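# Structure assessment
Take a look at the letters that make up each chain.
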Amino acid sequence: MAGRLSLPEVDLSCPICCEIFRDPVVLKCSHSFCAPCLQKYWTQRGRSRDCPLCRTQSLDDPVPSLTLKNLCESLIQDSEGAEDAAGDLYCDPGESCPLHGEKLKLFCLMDKEPICVVCHTSKKHKLHDCCPVSEAVVDAKEKMKSALSLLQEKRDTFNKLKKSYEDTVQHIQVQARFVERRTHEEFQKLHSFLQVEEEARIEALKQEEEQKSREMRDKIEEMERHITTVSVSIGVLEEEMALEGISILRKCKRTLARANCPVEDPNPPGALIDVGKYVGSLSFRIWEKMHKMVKYTPVTLDPNTAAPWLVLSDDLTSVCDSDEKQKLPNNPERFDPDTAVLGREGFTSGKHAWDVNVGDNTAWVVGIAKESVQKKEKVSSVLMNGYLCVYFYHKMYFAGTSPLTRLSLKGNPQRIRVLLDCEKGRVSFYNPQDNTHIYTFKHSITEKVFPYFWVGCQQCPLTVEPVEVSVKAVEYS
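Residues numbered from 1 in each chain as written. Predicted model: local features only at pLDDT ≥ 70, side-chain atom pairs only at ≥ 80, totals over all residues. Heavy atoms only, no water.

Of the protein, the UniProt comment under Sequence similarities (unreviewed entry) reads exactly: "Belongs to the TRIM/RBCC family." UniProt's Subcellular location (unreviewed entry) comment on the protein is quoted here verbatim: "Cytoplasm". (UniProt positions renumbered as here; feature names shortened; annotations may be inferred.)

## Structural notes on the overall build of the protein
Looking only at helices and strands, one finds eight helices and 19 strands in the protein. Computed over its C-alpha atoms, the radius of gyration of the protein comes to 54 Å, more than 25% above the 23 Å expected for a compact globule of 477 residues. Summarising its shape, the C-alpha atoms of the protein cover approximately 195 × 65 × 45 Å along the three principal directions. Of all 477 residues assigned to the protein, the portion counted as buried reaches 31%. Counting only contacts in the protein whose residues sit at least 6 apart along the sequence, the fraction spanning at least 24 positions is 57%. Accessible area of the protein: about 31400 Å², with a carbon and sulfur share of 55%. Charge-centre separation for the protein: the mean point of 63 positive side chains lies 5 Å from the mean point of 70 negative side chains. (Helix = DSSP H or I, 4+ residues; strand = E, 2+ residues; numbered from the N terminus. Rg over C-alpha atoms; globule rule 2.2 N^0.38 Å. Buried < 20%, exposed > 50% of the residue type's maximum accessible area, 1.4 Å probe, protein only. Contact = heavy atoms within 4.5 Å. Areas by Shrake-Rupley, 256 points an atom, 1.4 Å probe, with all protein chains shown as cover. Lys, Arg positive; Asp, Glu negative; His and termini not counted. Charge placed at Lys NZ, Arg CZ, Asp CG, Glu CD.)

## Topic: the UniProt feature "domain: B30.2/SPRY" (unreviewed entry) in the protein
If you check UniProt for "domain: B30.2/SPRY" (unreviewed entry), the listed places come out as residues 279–471 in our numbering. Along residues 279–471, the helical share is 5% and the strand share 34%, with 19 Å between the first and last C-alpha atoms.

## Quick notes on a nonpolar patch on the surface
On the surface, a nonpolar cluster with roughly 340 Å² of combined accessible area is contributed by F158, L161 and Y165. Along the polypeptide, Y165 turns up in helix α5 (residues 133–241). (Patch = residues over 30% accessible without salt bridge, like charges linked within 9 Å, V, L, I, M, F, W, Y side chains within 5 Å. Salt bridge = Lys/Arg side-chain N within 4 Å of Asp/Glu carboxyl O.)

## Brief notes about the nonpolar core
Grouped together as the largest cluster of nonpolar side chains are 49 residues, with contacts concentrated most on W364, Y452, F453 and L462. Here this core takes six residues from strand β12 (residues 387–393), the largest share from any one element. Every residue in contact with F453, bar those within four places of it in the chain, is listed here: V299, L301, T339, A340, V341, G343, W354, V356, V365, L462 and V464. Core analysis: the next-biggest nonpolar cluster, separate from the first, contains 16 residues, L12, Y41, W42 and L75 among them. (Core = buried A, V, L, I, M, F, W, Y, C linked by side-chain atoms within 4.5 Å.)

## Looking at the pattern of salt bridges
Considering all chains together, one arrives at 23 salt bridges under this definition. Across the salt bridge formed by E180 and R177, the nearest N and O atoms sit 3.0 Å from each other. Taken together, the residues E180 and R177, both in helix α5 and three residues apart, mark about one turn of the helix. Its relative accessible area of 38% is what places E180 among the partly exposed residues.

## Things to note about the packing of α5 against helix α8 (residues 282–290)
For the pair α5 and α8, interaxial distance at closest approach is 12 Å and the crossing angle is 120°. It follows that α5 is oblique to α8 by the angle criterion. Considering how the two elements wind past one another, α5 and α8 form a crossing that is right-handed. Residue-level inspection shows L190, F193, L194, E197 and R201 of α5 in contact with α8, the latter providing L282, R285, I286, K289 and M290. For the contact of α5 with α8, a count of residues per class yields six nonpolar, no polar and four charged. (Axes fitted to C-alpha atoms, helices over the stretch in contact; angles between N-to-C directions. Parallel < 35°, antiparallel > 145°, perpendicular 65-115°, else oblique. Left-handed = near helix turned anticlockwise from the far one by under 90°. Nonpolar A, V, L, I, M, F, W, Y, C, P; charged D, E, K, R; others polar.)

## Some words on the packing of aromatic side chains
A full pass over the atoms with the stated rule returns ten aromatic pairs. Ring geometry for F392 versus Y397: centroids 4.5 Å apart, planes at 35°, classification tilted. The buried category is assigned to Y397, whose relative accessible area is 7%. Cluster of aromatic residues (ring-pair linked, three or more members): F335, Y387 and Y452. Residue placement shows K375 over the ring face of F335; its charged tip is 5.7 Å from the ring centre. (Phe/Tyr/Trp six-rings, centres within 6.5 Å; stacked < 30°, edge-to-face > 60°. Lys NZ or Arg CZ within 6 Å of the ring centre and 35° of its normal.)

Structure follows, in structure tokens:
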């Protein structure tokens, strides 16, 4: 504090506490000190009564200095008047020690509280490090400034998170509308198919009804003609039966021949509608016919993992690269900046297979990726990073080993078949056109793995090929 005092204040300051003298005393060596400060100094040094400045031994008691005391009191009064005008540099006016009535000019670094100079010599604080209040205020303001900066950073972070959440809400709404539209489209196809199938069956039923009804009406007309003919024969026969003698014998043979004409079966086979053909296992027959229009792909791409530069088809079966980065939530599942996408379903057991149409794509990676792969940094997709894949770039094929293994293939496969056997820890790649083996990884599957697709070409997408489906009834053996 002495460095911040004016020259007269320096001359009237105790060398021990660096404050204006309180009850000043003078030693024979002419050095002056506060009486309490000198007594404290001597107490700490035991029996030694030397001067704190020149180390001269003092056998006599220190002498009070009335002149020095008057000068100090005068300086204090002048200083207090100046503080009333300009403000106290060290503490607020009126803030004083509740125990000693002195101004709080020191700050105890141990107890983190302002104290007076008398408190500094008390048992509670005498061994504690202290600093002037003004320095403590500066330190406190620096700490508060740092805290303010941290709070402002937190506010900025929260604002960014809020904006991210708001964007996510908008994206969720976009996703919901997309799913709603796709659902309507798919069900409309099913509804259209069922409606067409229903109308076709009803039309077939009407045609059969009309045909068989017409046949029956023809039969009815024919029967009416037979009835008329028979009625005539009956009348003739009745007339002839009224004859007597030789006449009846002469006409009997012809009349009996006319009466013996055969009568057709009134219900010929196939006359009725085949009801069972229309209603027997109707749902199954429709289902059996429907499967021809239903497309099934063993892998569905997960748009929540797709890098913002990728464009996925509406049915989530194909993906290609683009120049434009889409505005998508940076959720933890999403690849960014790596232009990759995963299949929606992961595997930990069983056997699985899917074909990928690579076509004329000039840069692609196909295979599987572990659930733990890094998605927020660009890493080489090799085995040590959690990928088991084959690559095609710079017109060369590679297996994702460490280091990469160059593959020699006959021609350029248009499709790549991926075979995953979780129990055996095998991931094999084939050309399904001629079933040529490309490469096999032997690696234990210890966590969930997902189909993995990386694409670096905008002209030609990677497409998961649909597989044939069938509907059949289980027969008893």
